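The chain contents come next:
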Amino acid sequence: MNNWSKIHQEIVKAESILLTTHENPDGDGIGSIAALAHHLTNQDKKYRILLTSELPDEYKFLDPHNQFEIYDEELHSDWVKNVDLSILLDIGNYNRTGKMWEKIKQNGTVIVNIDHHPIRKEQPYDINETDINASATGELIYKYLNEIDPANLSVQTYEAIYVAIMTDTGSFSYNNTNILCHKIAAKAIEAGVDTAKVHQNVYGSSSKARIKLLAAIADNLQYEYDGKLVWFQITRAMMKKAQASHEDVDGFTDFARAIKGVEVSLMVFEKSERTCRINFRSKGNYSINEIAQFFNGGGHAFAAGAVVSGKIANVVPKVVSKTIEILSAQDEVAK
Ligand SMILES: [Mn+2]
């Protein structure tokens, strides 16, 4: 029996199901959840969608019935503890479920992981369906539905899967773009998805704060390693000045990577006084998850990140010098 049938069996057995994805959810996590939620609704299943952080505005069109909730210890911990089945989507690392993880673990029932991030050493899942060649977790959800419930691949389901794939492939431009994801896109259009409108919903709604912040960043890009590395920082003071919120920052590392001559871009984001989030993007000649892993993070070969403790003034030089060190080591190997 393949994993899709096993997962389906667990869904059939379960009376309550939790769907979740990583913190600061992106289009892939949200689209995958929305697509699977349509399937569960069709199967008359009781389920709940709990996120560890807010659903970004640009994805709210995937949640017309306000089913996406933010995990609240008081409101949800008992429910999570007693749930029959937990399905983690696009998670990368289980600790990216935040406080929810403890409760998921305590419930002692089935944990399903569906993901396209590289497999980590610890795998506390009962069923693990990981495929690093998939363009997005949404592509895996498509495979599941195409095998288990093809009759219910509705326009809404295709729209959610399309969002997952479109956002994780940079609108079919990154090197994870593959044949299947184009086929799925074609099927989505056949099913009636208005792809131009979807693109507009996701990318055509930049807040003014986001552009103000982008201007501050563009003015302060730092080039290293013969211009092959570009880095920038976003301090809390910059966030405040631009009146920006967390989701306004999404995509900036992609923007910096697009500069001519740049191979790798790095963002250092001041999360709090003593923690920073770092994000890497690579054009494809350097693999950057090695750097993210050094800082206990993870991700894909060309898109990765980590959370680093320490004041931003100390984190920046540490991360920049480690990045240069790893890039030059990769150059040495290539010689
Ligand atoms: Mn993904």
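Fair warning: this is a prediction, and the values are worked out from it, not measured in the lab.

Some words on the overall build of the protein
Item 1. Within the protein, the secondary structure is distributed over 13 helices and 12 strands.
Item 2. For the protein, the C-alpha radius of gyration of 20 Å lies close to 20 Å, the compact-globule estimate for 335 residues.
Item 3. With the principal axes as the frame, the protein shows a C-alpha extent of 55 × 45 × 45 Å.
Item 4. Counting over 335 residues, the protein shows a buried share of 42%.
Item 5. Counting only contacts in the protein whose residues sit at least 6 apart along the sequence, the fraction spanning at least 24 positions is 66%.

Overview of the environment of Gly138
Item 1. In this structure, Gly138 sits in helix H5 (residues 137–148).
Item 2. A sequence separation of 102 residues divides Gly138 from Leu36, and the C-alpha atoms of the two residues are 9.3 Å apart.
Item 3. Residues in contact with Gly138, not counting those within four places in the same chain, are Asp28, Gly31, Ser32, Ala35, Ile161, Ala164 and Ile165.

Description of unusual backbone geometry
Item 1. Although it is not a glycine, Asn66 sits at a positive phi angle of roughly 50°.
Item 2. With respect to the helices and strands, Asn66 occurs in the loop between strand E2 (47–51) and strand E3 (68–70).
Item 3. Judged by C-beta crowding, with 8 C-beta atoms within 10 Å, Asn66 ranks as exposed.
Item 4. Even without being glycine, Asp226 reaches a positive phi, approximately 55°.
Item 5. Note that Asp226 resides in the loop between strand E7 (222–224) and strand E8 (229–234).
Item 6. Accessibility expressed as a C-beta count within 10 Å gives 8 for Asp226, which makes it exposed.

Things to note about helix H6 (residues 155–168)
Item 1. With 14 residues, H6 should cover 20 Å at 1.5 Å per step; its first-to-last C-alpha distance of 20 Å lies within 8% of that length.
Item 2. Among the 14 residues in H6, 12 count as buried, and that is most of the element.

So, the sheet that holds E8
By definition, the strands of a sheet pair up through backbone hydrogen bonds, in either a parallel or an antiparallel sense.
Item 1. Overall, mixed pairing links the six strands, which are arranged E7-E8-E9-E10-E12-E11 in an open sheet. Whereas interior strands pair on both sides, the edge strands pair on one side only; in this sheet they are E7 and strand E11 (298–299).
Item 2. The pairing of E8 with strand E9 (residues 264–272) spans six bridges and is parallel. In the sheet register, Gln233 faces E9, and the bridge partner there is Val268.
Item 3. Lying over the sheet, helix H13 (residues 312–334) contacts E7, E8, E9, strand E10 (275–282) and strand E12 (303–309), oriented at roughly 155° with respect to E9.

What about the pairing of E9?
Item 1. Across the nine residues that make up E9, a large majority, seven, are buried.
Item 2. Strand direction decides the pairing type here: E9 and E10, joined by eight bridges, are antiparallel. In the sheet register, Val264 faces E10, and the bridge partner there is Ser282.

With respect to the nonpolar core
As a rule of thumb, nonpolar side chains are buried together in soluble globular proteins.
Item 1. Residues Ile17, Leu19, Ile87, Ile141, Ile161, Tyr162 and Ile165 are the most contacted members of the largest nonpolar core, which totals 57 residues.
Item 2. A total of eight residues in this core trace back to one element, the largest contributor, which is H6.
Item 3. Residues contacting Ile165, with those up to four places away along its chain left out, are Ser135, Ala136, Gly138, Glu139, Cys181, Ile184 and Ala185.
Item 4. Cys276, Ala292, Ile312 and Val315 belong to the second largest nonpolar core, which has 31 residues in total.

Concerning the sheet that holds strand E5 (residues 110–115)
Item 1. Here six strands make up an open sheet; going across it, the order is E3-E2-E1-E4-E5-E6 and the pairing parallel. Taken across any chain shown, the strands that pair with only one partner, and hence form the sheet edges, are E3 and strand E6 (127–130). Ignoring which end each strand starts from, the neighbouring axes of this sheet average 25° apart.
Item 2. Judged from the three bridges that link them, E2 and E3 form a sheet pairing that is parallel.

A look at the domain arrangement of the protein
Item 1. By the assigned domains, the protein splits into domain 1 (3–203) and domain 2 (208–334).
Item 2. Look at where the C-alpha atoms of domain 1 and domain 2 centre, and you get two points 27 Å apart.
Item 3. Facing nine residues of domain 1, the contacting portion of domain 2 comprises nine residues.
Item 4. Of the residues that constitute the side of domain 1 that touches domain 2, the class distribution is two nonpolar, six polar and one charged.

Regarding the packing of helix H2 (residues 27–42) against H5
Helix packing for two helices is described by the angle between their axes and how far apart those axes are.
Item 1. The interhelical angle for the contact between H2 and H5, taken along N-to-C directions, is 15°, at an axis separation of 8 Å. By the angle between their axes, H2 is roughly parallel relative to H5. With respect to the hand of their crossing, H2 and H5 are arranged in left-handed fashion. Contacts between H2 and H5 involve Asp28, Gly29, Gly31, Ser32, Ala35, Leu36 and His39 from the first element and Thr137, Gly138, Ile141 and Leu145 from the second.
Item 2. Residues that form the contact of H2 with H5 fall into these classes: four nonpolar, six polar and one charged.

Rules and cut-offs
- Residues numbered from 1 in each chain as written.
- Predicted model: local features only at pLDDT ≥ 70, side-chain atom pairs only at ≥ 80, totals over all residues.
- Helix = DSSP H or I, 4+ residues; strand = E, 2+ residues; numbered from the N terminus.
- Rg over C-alpha atoms; globule rule 2.2 N^0.38 Å.
- Buried ≥ 20, exposed ≤ 12 C-beta atoms within 10 Å, placed from the backbone.
- Contact = placed C-beta atoms within 7 Å.
- Expected span 1.5 Å × (residues − 1).
- Pairing = 2+ DSSP bridges.
- Axes fitted to C-alpha atoms, helices over the stretch in contact; angles between N-to-C directions.
- Core = buried A, V, L, I, M, F, W, Y, C linked by C-beta atoms within 7 Å.
- Domains from an automatic or database assignment.
- Nonpolar A, V, L, I, M, F, W, Y, C, P; charged D, E, K, R; others polar.
- Parallel < 35°, antiparallel > 145°, perpendicular 65-115°, else oblique.
- Left-handed = near helix turned anticlockwise from the far one by under 90°.

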